[in-house]
Amino acid sequence: MKQYKTKVRILTGKNYPDLYKKAFSLYRQIKRKTKRKPYIRSFYFRKDKIFLDLFWQHLHQKNWRDRKRRIRYYPCAIELIRYSRLDPASTDNPNNPSEILHKFSGIAPDGSVFYVQIKENKRNNQKYLMSVFPEQK
């Protein structure tokens, strides 16, 4: 799988509340542009909308340490979704046959590898940002 090289740096901070504040301010800037569900347009999906609200629900299901690890890559994930033209690894969701999971791979400017997972509903073609996480070492 080819990896998209981002120009945006990962978030820096020592504790989760600081990282959350920075990432959520980026989310609020995107949210401010629409009256309904916040979204960004993806170049790979031919300018289709990728909804962002599901990511925050998924993030709050994780423990504090995992939240901190994942939220650092949020700005990189937004850039990857917007500008990446590289093909993701796409598979059917084993838990729900009416969904496709797309897994994009990216490299942050510091050289760390991360993944962005997008869920696509086959029935209505809606796409949701599910998760962002760094590569396991």
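Look above for the structure.
Here goes a summary of the coordinates provided. Predicted model, so just to flag it, every value in this text is computed and none were measured.

About the thresholds
- Residues numbered from 1 in each chain as written.
- Predicted model: local features only at pLDDT ≥ 70, side-chain atom pairs only at ≥ 80, totals over all residues.
- Heavy atoms only, no water.
- Core = buried A, V, L, I, M, F, W, Y, C linked by side-chain atoms within 4.5 Å.
- Buried < 20%, exposed > 50% of the residue type's maximum accessible area, 1.4 Å probe, protein only.
- Helix = DSSP H or I, 4+ residues; strand = E, 2+ residues; numbered from the N terminus.
- Contact = heavy atoms within 4.5 Å.
- Pairing = 2+ DSSP bridges.
- Axes fitted to C-alpha atoms, helices over the stretch in contact; angles between N-to-C directions.
- Nonpolar A, V, L, I, M, F, W, Y, C, P; charged D, E, K, R; others polar.
- Parallel < 35°, antiparallel > 145°, perpendicular 65-115°, else oblique.
- Left-handed = near helix turned anticlockwise from the far one by under 90°.

Among the nonpolar cores identified, the biggest contains 29 residues, and Leu52, Trp56, Tyr74, Val116, Leu129 and Val132 are the most heavily contacted of them. For this core, the secondary-structure elements that each account for two or more residues are α1 (16–31), α2 (53–59), α4 (74–83), β6 (113–121) and β7 (127–134). No other element matches the six residues that α4 contributes to this core. Setting aside residues up to four positions removed in sequence, Leu52 forms contacts with Tyr27, Ile30, Pro38, Tyr39, Ile40, Tyr74, Ile78 and Leu129.

Not every positive phi belongs to a glycine, and Arg46 is a case in point at roughly 55 degrees. Tracing the chain through its elements places Arg46 in the loop between β2 (39–42) and β3 (48–51). Look at Lys47: it is not a glycine, yet its phi comes out positive at around 65 degrees. Summarising the element assignment, Lys47 is placed in the loop between β2 and β3. Judged by relative accessible area, Lys47 falls into the partly exposed class, the value being 47%.

Time to look at the pairing of strand β5 (residues 99–107). Every regular strand shows the same layout, with side chains that alternate between the two sheet faces. In terms of burial, β5 is largely enclosed, as eight of its nine residues are buried. Across four bridges, strand β4 (residues 89–92) lies against β5 in antiparallel orientation. Bridge pairing in β5 places Asp92 opposite Ile100. Joining the antiparallel neighbours β4 and β5 is a turn of six residues.

This brings us to the packing of α1 against α4. Close contact between α1 and α4 brings their axes to 9 Å; oriented N to C, the two are set at 35 degrees. Contacts between α1 and α4 involve Ala23, Leu26, Tyr27 and Ile30 from the first element and Tyr74, Pro75, Ile78 and Arg82 from the second. By residue class, the composition of the contact of α1 with α4 is seven nonpolar, no polar and one charged.

Attention now goes to the packing of α1 against helix α3 (residues 64–71). Close contact between α1 and α3 brings their axes to 10 Å; oriented N to C, the two are set at 40 degrees. In terms of axis orientation, α1 runs oblique to α3. Handedness of the α1/α3 crossing: left-handed. Within the contact between the two elements, α1 uses Tyr16, Leu19, Tyr20 and Ala23 and α3 uses Trp64, Arg67, Lys68 and Ile71. Per-class residue counts for the contact of α1 with α3 are six nonpolar, no polar and two charged.

Any functional reading would require information that these geometric values do not contain.
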